[in-house]
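Coordinate analysis (summary)
So you can see what is in the structure, the chains are spelled out below.
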Amino acid sequence: MSDLQKEVSELERKSATAARLFDIRRIIGGLFVVYGVLVTIAGITASDADLDKAEGININLWTGLGMLALGLFFLIWLRLRPAAPPPPTD
């Protein structure tokens, strides 16, 4: 019976680790940071013709910075409030 309890506790530990690994905040935050960096770079390197199309507003720069801020918010939220492990069952 002891071997069965050890096996169950090992599976519960692996399940909690997988839940924390695939937390949706990590995925959303990571994607927003990556895309935010790409769009910000596109905004920094925008030509005068691109700015004229948008009536002088650097849309890529502002959108990229917004995406970076949102992605960092999700990652900070994940760091400050990690997913709680499931309660142990008796």
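Up top you'll find the structure we're talking about.
Residues numbered from 1 in each chain as written. Predicted model: local features only at pLDDT ≥ 70, side-chain atom pairs only at ≥ 80, totals over all residues. Heavy atoms only, no water.

1. Digging into the overall build of the chain
Put simply, the rule reads: Secondary structure counts use DSSP, requiring at least four H or I residues in a row for a helix and at least two E residues in a row for a strand, with both numbered from the N terminus. Between buried and exposed lies partly exposed: a residue is buried under 20% and exposed over 50% of the maximum accessible area for its type, with that area taken using a 1.4 Å probe on protein chains only. It only takes one pair of heavy atoms within 4.5 Å for two residues to be counted as in contact. With residues, only the protein chains shown are counted as cover, and all accessible areas are computed by Shrake-Rupley using a 1.4 Å probe.
What the chain contains, in helices and strands, is four helices and zero strands. Going from N to C terminus, the chain has its helices and strands arranged as α-α-α-α. Counting only residues that meet the buried cut, the chain has 17% of its 90 residues in that class. Excluding contacts between residues fewer than 6 apart, the proportion of contacts in the chain whose partners are at least 24 apart in sequence is 75%. Carbon and sulfur atoms make up 67% of the accessible area of the chain, which totals about 7100 Å².

2. Re the packing of aromatic side chains
Two aromatic rings are characterised by how far apart their centres lie and by the angle between their planes. Heads up, the condition is: Pairing of aromatic rings covers Phe, Tyr and Trp, the last counted by its six-membered ring, and requires centre-to-centre distances within 6.5 Å; plane angles under 30 degrees mean stacked, over 60 mean edge-to-face, and any other angle means tilted. A ring is considered to have a charge above it if a Lys NZ or an Arg CZ atom is located within 6 Å of its centre and within 35 degrees of its normal.
This model, assessed by the stated rule, comprises three aromatic pairs. Through a chain of ring-to-ring contacts, three or more aromatic side chains come together here, namely Phe-73, Phe-74 and Trp-77. Arg-25 extends its terminal NZ or CZ atom over the ring of Trp-77, reaching a point 4.9 Å from the ring centre.

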